[in-house]
Amino acid sequence: MRESVKRVAARQLAGLALAGLLAILLAVFGPSHINAQKGDVLQGEIRIVDGDTIVLGETKVRLEGIDAPETTQTCGRRFVGQWRCGEEATRHLVRLIGAEPVQCEDLGLDKYGRTLGRCFAGSTDLNAEMVRAGHAWPFLGCSQAYVAQEAEARAAHAGIWQGAS
């Protein structure tokens, strides 16, 4: 009798472990990314997470090739003081998108399992414009795509570059 109770408990524990693993996989890859392929166009209802991350439908998309300040991050002003550059980066992305539909090209997953995308609001390249406005850096470890936009922002002392001399 005791042996069968142990077997039942073991089967229940195995079932819970399998359900937990499935939940983790869905949390990491997202339900809509399971069938997505690199090169697919992602679209859907949009939610802005921060200056370099959006959610399209059920897929969280990291804007590929850029790195925006964290939401709580502050940056130095040119002469004195600090400003909330992370909050402003998020607000700038909201303004860039406006009421335009957003589409992202699925560029695959990064080493953390996040979907990377080159995203457009209408014809506006969101990745490039965030760097050009000085609200993100090019993520040079992954791409050289936005170096020219960074040079423009630096020269204009725009956004995060306003504190640069």
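The structure we're discussing is the one just above.
Note that the structure is predicted; figures quoted are calculated from it, not measured.

Participant: Please give an account of the overall build of the chain that cites residues and values.
Facilitator: When helices and strands are tallied, the chain shows 4 helices and 11 strands. For the chain, buried positions account for 37% of its 165 residues. In the chain, once contacts between residues fewer than 6 apart in sequence are set aside, the share between residues at least 24 apart is 54%. Summing over all exposed atoms, the chain offers an accessible surface of approximately 10000 Å²; the carbon and sulfur share of this is 56%.

Participant: Provide a residue-level description of the nonpolar core, including the pertinent values.
Facilitator: Of all hydrophobic cores here, the largest spans 20 residues; its most connected members are Ile54, Ile66, Leu93, Val102, Cys104, Cys119 and Leu126. Mapped by element, the contributors of at least two residues to this core are strand 3 (53–56), strand 4 (59–63), helix 2 (85–97), strand 8 (102–109), strand 9 (115–121) and helix 3 (126–132). Counting residues per element, this core draws most heavily on helix 3, which supplies 4 residues. For leucine 126, the contacting residues outside a window of four places in its chain are Leu93, Leu96, Ile97, Val102, Cys119, Phe120 and Ala121. Listed in part, the 7 residues of the second largest apolar core include Cys75, Trp83, Ile160 and Trp161.

Participant: A description of the pattern of salt bridges should follow, citing residues and the corresponding values.
Facilitator: Inspection of every chain in the model, using the stated rule, returns 10 salt bridges. Arginine 91 is the partner of glutamate 88 in a salt bridge, and the nearest nitrogen-oxygen pair spans 3.1 Å. Taken together, the positions of glutamate 88 and arginine 91, both in helix 2 and 3 residues apart, correspond to about one turn of that helix. A salt bridge links glutamate 88 to arginine 95; its shortest N-O distance comes to 2.5 Å. Glutamate 88 gets classed as buried once you look at its relative accessible area, which sits at 17%. What you see here is one network of salt bridges that share partners, running through Glu87, Glu88, Arg91 and Arg95.

Participant: I'd like to hear about the side chain of threonine 53, residue by residue, with values.
Facilitator: Structurally, the position occupied by threonine 53 is in strand 3. Taking the relative accessible area as the measure of exposure, threonine 53 reaches 8% and is therefore buried. Not counting residues within four places of it along the chain, the set of residues in contact with threonine 53 comprises Ile48, Lys60, Val61 and Arg62.

Participant: Give me the side chain of aspartate 106: which residues, what numbers.
Facilitator: With respect to the secondary-structure elements, aspartate 106 resides in strand 8. Aspartate 106 gets classed as buried once you look at its relative accessible area, which sits at 1%. Within the local environment of aspartate 106, its side chain forms a polar contact with the backbone nitrogen of glycine 108, the two atoms lying 2.7 Å apart.

Participant: Got a sec to walk through the state of the cysteines? Specific residues and values, please.
Facilitator: Under the counting rule described, the total for this entry stands at 2 disulfides. Bridging cysteine 75 to cysteine 85, the disulfide has an S-S length of 2.1 Å. One disulfide, between cysteine 75 and cysteine 85, carries an S-S torsion of 70 degrees and so falls in the right-handed class. Pair noted here: cysteine 75 is in strand 6 (residues 75–76) and cysteine 85 is in helix 2, with a separation of 10 residues, a long-range link. For cysteine 75, a relative accessible area of 8% translates into the label buried. Each sulfur in the disulfide pair cysteine 104 and cysteine 119 lies 2.0 Å from the other.

Conventions and cut-offs
Residues numbered from 1 in each chain as written. Predicted model: local features only at pLDDT ≥ 70, side-chain atom pairs only at ≥ 80, totals over all residues. Heavy atoms only, no water. Helix = DSSP H or I, 4+ residues; strand = E, 2+ residues; numbered from the N terminus. Buried < 20%, exposed > 50% of the residue type's maximum accessible area, 1.4 Å probe, protein only. Contact = heavy atoms within 4.5 Å. Areas by Shrake-Rupley, 256 points an atom, 1.4 Å probe, with all protein chains shown as cover. Core = buried A, V, L, I, M, F, W, Y, C linked by side-chain atoms within 4.5 Å. Salt bridge = Lys/Arg side-chain N within 4 Å of Asp/Glu carboxyl O. Polar contact = N/O pair within 3.5 Å; in protein donor to acceptor, adjacent residues only side chain to side chain. Disulfide = S-S within 2.5 Å.

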